[in-house]
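Residues per chain are reported as follows:
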Amino acid sequence: MLRKRRANGLLKIVATLLIVGLLALLFFSIQGVMKSNEEEDASKAIEQFYTYEQEGDFGSSWELFHSLLQERYKKPDYVQTRAHVFMQHFGTNTFKYEVSEPKRLFDVQLIEGKEALAEVYEFTVTQIYHSSFGNFKIVQPVYASQESGEWRVLWSFDKAQEF
């Protein structure tokens, strides 16, 4: 009788540990899938932004800015300045671009005097121009952060940031 109780007790402990282990595995699997979807959605926002920029559709790219950048650049000014600098001064109609893999960061200060963002994905974007001044690249850290459930694009203006 004592052996049956020990066997039943041991069986219950093993079953409990197995269930807890499976629940932990499920939790971390779901968390990994969610993180993967976030990275993918953040990457899509960056890709869409630079696709618009590449096409010269600066009004649509401005719409993908985080509100911190929309405050910094009013839409008409942004559209006019981007077109003027890149198309007229550089003498180019478009560019190629490359986007790095995302890097997840926490508590990031991108704009001096503004609140740090709790979570962002950092990308390195390289724009490749063939212009009237020759060929050149612009390499820029670019960020994606969620705002009102949507992924939005940010640039850094923190002077203390290392390059």
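Above this text sits the structure in question.
Values in this document were obtained by computation on a predicted structure and should not be read as measured data.

The rules behind the values
- Residues numbered from 1 in each chain as written.
- Predicted model: local features only at pLDDT ≥ 70, side-chain atom pairs only at ≥ 80, totals over all residues.
- Heavy atoms only, no water.
- Helix = DSSP H or I, 4+ residues; strand = E, 2+ residues; numbered from the N terminus.
- Expected span 1.5 Å × (residues − 1).
- Buried < 20%, exposed > 50% of the residue type's maximum accessible area, 1.4 Å probe, protein only.
- Arc of directions from axis to C-beta.
- Phe/Tyr/Trp six-rings, centres within 6.5 Å; stacked < 30°, edge-to-face > 60°.
- Lys NZ or Arg CZ within 6 Å of the ring centre and 35° of its normal.
- Salt bridge = Lys/Arg side-chain N within 4 Å of Asp/Glu carboxyl O.

1. Let's talk about helix α4 (residues 75–89)
Here's step 1: Taking 1.5 Å per residue, 15 residues should reach 21 Å; α4 reaches 20 Å between its end C-alpha atoms and fits that length.
Here's step 2: Among the residues of α4, Y78, R82 and F86 are the ones counted as buried. Viewed end-on, α4 has its buried residues packed into an arc of 20 degrees, placing them on one side of the element. Seen from the open side of α4, the exposed residues pointing more than 90 degrees away from its buried face are P76, Q80 and Q88.
Here's step 3: A positive phi of about 70 degrees marks G91, the residue just after α4.

2. A few points about the packing of aromatic side chains
Here's step 1: Under the counting rule described, the total for this entry stands at 19 aromatic pairs.
Here's step 2: When the ring of F49 is compared with that of Y50, the centres are 4.9 Å apart and the planes differ by 75 degrees; the resulting orientation is edge-to-face.
Here's step 3: Stacked on the ring of F157, the Lys or Arg R72 has its end atom at 3.6 Å from the ring centre.

3. Regarding unusual backbone geometry
Here's step 1: Positive phi outside glycine occurs at D107, with the angle close to 50 degrees.
Here's step 2: The residue D107 is located in strand β2 (residues 103–108) in this model.
Here's step 3: Using a relative accessible area of 62% as the deciding quantity, one classes D107 as exposed.
Here's step 4: One non-glycine residue, S148, adopts positive backbone phi at about 55 degrees.
Here's step 5: Counting through the fold element by element, S148 comes out in the loop between β4 (134–147) and β5 (150–155).
Here's step 6: For S148, a relative accessible area of 76% translates into the label exposed.

4. Brief notes about the pattern of salt bridges
Here's step 1: Following the criterion strictly, the structure yields five salt bridges and no others.
Here's step 2: K114 is the partner of E71 in a salt bridge, and the nearest nitrogen-oxygen pair spans 3.2 Å. Of the two residues, E71 is situated in helix α3 (residues 67–72) and K114 in the loop between β2 and β3 (117–131); the sequence distance between them amounts to 43 residues.
Here's step 3: Using a relative accessible area of 44% as the deciding quantity, one classes E71 as partly exposed.
Here's step 4: Overall, K114 belongs to the partly exposed group, its relative accessible area being 34%.

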